[in-house]
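Structural overview for review
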Amino acid sequence: MKAFQARYPNITIVSRDAFPCIVPETFQAKLAGGQMEDVFYVYYTDTQNIIRNRQAADITPYLGGVKRLKDINPPYLQAFKDAKGRVYGLPRKAYTTGLVYNRKLFARAGLDPDQPPKTWAQVREAAKKIAALGPGHVGYGEYSAGGNGGWHFTSELYGRGGDVVTPDGRKAAFNGPAGRAVLQNLKDMRWTDDSMGAKQLHRWEDLMRLMGGGRLGMMVGAPDVAVEAALNFGAKIEDIGAAPLPEAPASLLGGDGYMINPKAGPDRIKAALLWLDFRNLTPGQGQFDHRQLKSLGRPVGVPENILWGSGAGAAREDRELRRRYATVPVEHFAPYEDGSANVRPKTEPPNAQAVYAVLDGPMSAVLTRRDADIGRLLSEAEKKVNAVLARTGG
Amino acid sequence: MTMLESTPRGGDRRAARGGRARGPGGGRHGRGGRSGRSRGARLGPAARRNISAYGFLSGALVCFAFFSWYPMIREFVLSFQRNNFVDAPVWVGLDNFRTVLQDPAFHAAWVNTVAFTLLALVFGYLVPFAIALVLNELRHARAYLRFVVYLPVMLPPAVSVLLFKWFYDPGPGLFNQVLRLAHLPALSWLDSTGTALLSLVIVTTWMNLGTGTLIYLAALQTVPGELYEAAELDGAGALRRVWHVTIPQTRLILLVMLLLQIIATMQVFIEPYLLTGGGPEDATISVVYLMYRYAFSYGNFGGGSALGLMLMLVLIVFSAAYLRLSRDNT
């Protein structure tokens, strides 16, 4: 911040720790109370909702000042655009979901940690072997509550070439072979293989806890899972590795970024963009200052952020710096980083939160009911999602 | 130029600025001057006492106005508006009500809420009364047992709920361990559509057991002992004494507790929010949890307010019955 303010002495940044500002409860209240900061943090999942509700400033006219804009992988900027291509925010962090796995458990189960599963059949086999290590071991963990189930269903559906909604965003499109394959695979792992543990209805923190406790073999996720599990849930980061989503030509993109208060004037918007460009989009600076992150004791070397297009100079520059200051074995994450170049990032469906809430239903059903009828579950969910899309105009 | 930025970590924590309503505290009126004394003299001692009472009351009135009545009025207004808290709100008539009525989860939320309320009556209403009856009969360790029964109330609800998350774990969870020791089949508890709602009721009952038991116990101790003696002389057994003496003598408190319990349990939120996320398959989604989803997940305060208004109308019926009952018996 000092470096930024030395460069732009006419801009003063007042930082407010609104943590956990990622909890949406405070968002509407702050807007209503006129206490929203000029620049505020959002998850990708929420950006479209905020844009539709006209709760963020249109920054399109000011983007000329963002030097690294051209280096951002276009799908990651897409999450901040409306249907007309107007831009309402800038990404900070971006990833596509892959497969996160515990290398130590792989080794104990007689699997090669350097050869993570490339197909879902291999995931099944690996999960069985890990679950067989003894009580409390979960071969493969999956979300099915609090909207997280729908989120992962979407990711796995994209990975199998499916879509949640039709291209015009008006109808559900998941009731097909790809959707059935996602649910059938989970049902088989849960009930035929018994490799997913007895406890279900997992939400985000539940799998983090399992990963942190070293009893979870695999889960769908991005490498930031490793950092989170290590920093807040007691995992040893050197035990964790990441690979691309099995068989996936495409995967759900995720991450977060910043939007700007719609009440901010042009000067504040310009100042905000200068700060975001400096802090979040410049290799070697701000969030990409790996030297400083290392000195602060943060894990360095995990490809948490694949914001840049693969051909961009910024991508090469950042990867080089990340490796130079690495504090974790970077080769454990190389399969993910190398493989992600071949995985097409896909944005979330419209009304993501409402759609995910519906899709929690089939996910929880196949994981908690041995007799779950996948065809019926998908048909019912399709009707419900169509109702959601009709109600909100897609 | 000053730019404000909210960050996920670091920086200074903003102090909460809750509106602190300060009552006048029945302060002195006037400064001892003649006019003050003469007004006081004119009003008389009863009126002067009332002025102090109104002074104290005004603090509570300000608090209620800010934190209860104003939000209720805002909720009513919001339920007829589309409001993004940036632009001027737009009046949309009954659109928000149509939206929530067409929501596939609406029906499930109401069915679950009513089922939860009824189950909570069976467990949460009868169990504390039964425990109070037993405690009332005990001669020894009564204080200790009262403390033990009240202990769960002292735990923050979130802690109690998370404790039960472990109890209900189908693998190493406490309840299934006990079932296995007894050679009984393990249950899926929260993970089954058949048992999830009941599991939440058990949590609620456990959390609120202490308060209910203490209130019933206090009521039982007001029943004159000679009534029991007379019943015993007439040959009444324990159950008949409860039926013919205890229940008629504590009828008022039983009715009040019944209504209060209905009003409280129909607003169930924390249990599904923390334990099941409304699942599996919407088996535990409640009306208040659906309200939460509308307001905070979907950013649709209009829809959330419309749901809140519907629930409020239902609860008003029970609240009116409660007020009537209180008035008739005072």
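Residues numbered from 1 in each chain as written. Chains lettered and ligands numbered in written order. Predicted model: local features only at pLDDT ≥ 70, side-chain atom pairs only at ≥ 80, totals over all residues.

1. Brief notes about the overall build of chain B
Cut-off, in case you're wondering: Numbering of helices and strands starts at the N terminus; helices are DSSP runs of H or I of at least 4 residues and strands are runs of E of at least 2. Field definition: a residue is buried when 20 or more other C-beta atoms are found within 10 Å of its C-beta, exposed when 12 or fewer are, and partly exposed for counts in between, with C-beta atoms placed from the backbone. Any two residues are considered in contact once their C-beta atoms, placed from the backbone, lie within 7 Å.
Helix and strand counts for chain B stand at 13 helices and four strands. Buried residues in chain B amount to 29% of all 330 residues. Long-range contacts, defined as pairs at least 24 residues apart, comprise 67% of the intrachain contacts of chain B with a sequence gap of at least 6.

2. Some details on unusual backbone geometry
Among all residues except glycine, the phi angle is most often negative; among peptide bonds, the trans geometry is most common. All names here are of chain B. A cis amide bond links Gly279 to the next residue, Pro280, at an omega of -5°. Mapped onto the elements of the fold, Pro280 is located in the loop between α11 (270-276) and α12 (287-297). Phi at Phe85 takes a positive value of approximately 65°, unusual for a residue other than glycine. Position of Phe85 among the secondary structure elements: in the loop between β3 (81-82) and β4 (90-91). Positive phi, normally seen in glycine, also occurs at His183, with a value near 60°. Looking at where His183 falls in the secondary structure, it is placed in the loop between α6 (174-181) and α7 (196-220). Among the residues examined, His183 registers 6 C-beta atoms within 10 Å and is labelled exposed.

3. Describing the nonpolar core
Quick note on the threshold: For this entry, the nonpolar core is defined as buried Ala, Val, Leu, Ile, Met, Phe, Trp, Tyr and Cys residues connected by C-beta atoms within 7 Å.
Core analysis: the biggest nonpolar cluster contains 148 residues, and Met211, Ile260, Ala272 and Val355 of chain A together with Leu290 of chain B have the highest contact counts within it. With sequence-adjacent residues up to four places away left out, Ile260 of chain A is seen in contact with Asp38, Val39, Ala56, Ala57, Ile59, Gly89, Ile269 and Ala272 of chain A. In this structure, Phe129, Ala132, Tyr216 and Ala219 of chain B belong to the second largest nonpolar core, which totals five residues.

4. Comments concerning the domain arrangement of chain A
Residues and elements named next belong to chain A. How we decide: The domain limits used here are those given by an automatic or database domain assignment. Amino acids outside the nonpolar list (Ala, Val, Leu, Ile, Met, Phe, Trp, Tyr, Cys, Pro) and the charged list (Asp, Glu, Lys, Arg) are all regarded as polar, and Gly is one of them.
If you check the domain split of chain A, you get domain 1 (2-95 + 253-339) and domain 2 (98-252 + 346-392). Between domain 1 and domain 2, the C-alpha centre-to-centre distance is 27 Å. The interface is formed by 21 residues belonging to domain 1 together with 23 residues belonging to domain 2. Looking at the side of domain 1 that touches domain 2, the elements with two or more residues in it are α3 (44-52), α4 (74-78), β8 (250-260) and α14 (334-340). With four residues, the top contributor of residues to the side of domain 1 that touches domain 2 is α3. Grouping the constituent residues of the side of domain 1 that touches domain 2 by class yields 13 nonpolar, seven polar and one charged.

5. Focus on the interface of chain B and chain A
Facing 42 residues of chain B, the contacting portion of chain A comprises 56 residues. Secondary-structure elements contributing two or more residues to the side of chain B that touches chain A are β1 (2-7), β2 (12-13), α2 (95-102) and α12 of chain B. The element best represented in the side of chain B that touches chain A is β1 of chain B, accounting for six residues. For the side of chain B that touches chain A, a count of residues per class yields 15 nonpolar, 16 polar and 11 charged.

6. Observations concerning the domain arrangement of chain B
Entries for chain B in the domain assignment read domain 1 (25-68) and domain 2 (97-328). On a C-alpha basis, the centroid separation for the pair domain 1 of chain B and domain 2 of chain B is 41 Å.

7. Digging into the sheet that holds strand β6 (residues 216-221) of chain A
Residues and elements named next belong to chain A. What counts, and what does not: Should DSSP find at least two bridges between two strands, the strands are taken to pair. The axes are straight lines fitted to the C-alpha atoms, using for helices just the contacting stretch, and the angles between their N-to-C directions are given from 0 to 180°.
What the four strands build is an open sheet, ordered β5-β6-β4-β7; its pairing is mixed. Of all strands in the sheet, those bounded by a partner on one side alone are β5 (138-141) and β7 (240-244). Each adjacent strand pair in this sheet contributes to an overall mean axis angle of 20°, direction not counted. Sheet analysis places β5 next to β6, joined by three bridges and oriented parallel. Paired with Gly141 across the bridge in β6 is Met219. The strands that helix α9 (residues 204-212) touches are β5 and β6; relative to β6, the one it contacts most, it runs at about 140°. Relative to the sheet, helix α10 (residues 224-232) contacts β4 (98-102), β6 and β7, its axis offset from that of β7 by approximately 160°.

8. Side note on the pairing of β7 of chain A
Residues and elements named next belong to chain A. Buried residues dominate β7, accounting for five of its five residues. Relative to β7, β4 runs antiparallel, the two sharing five bridges. Across the sheet, Val100 pairs through a bridge with Ala242, a residue of β7.

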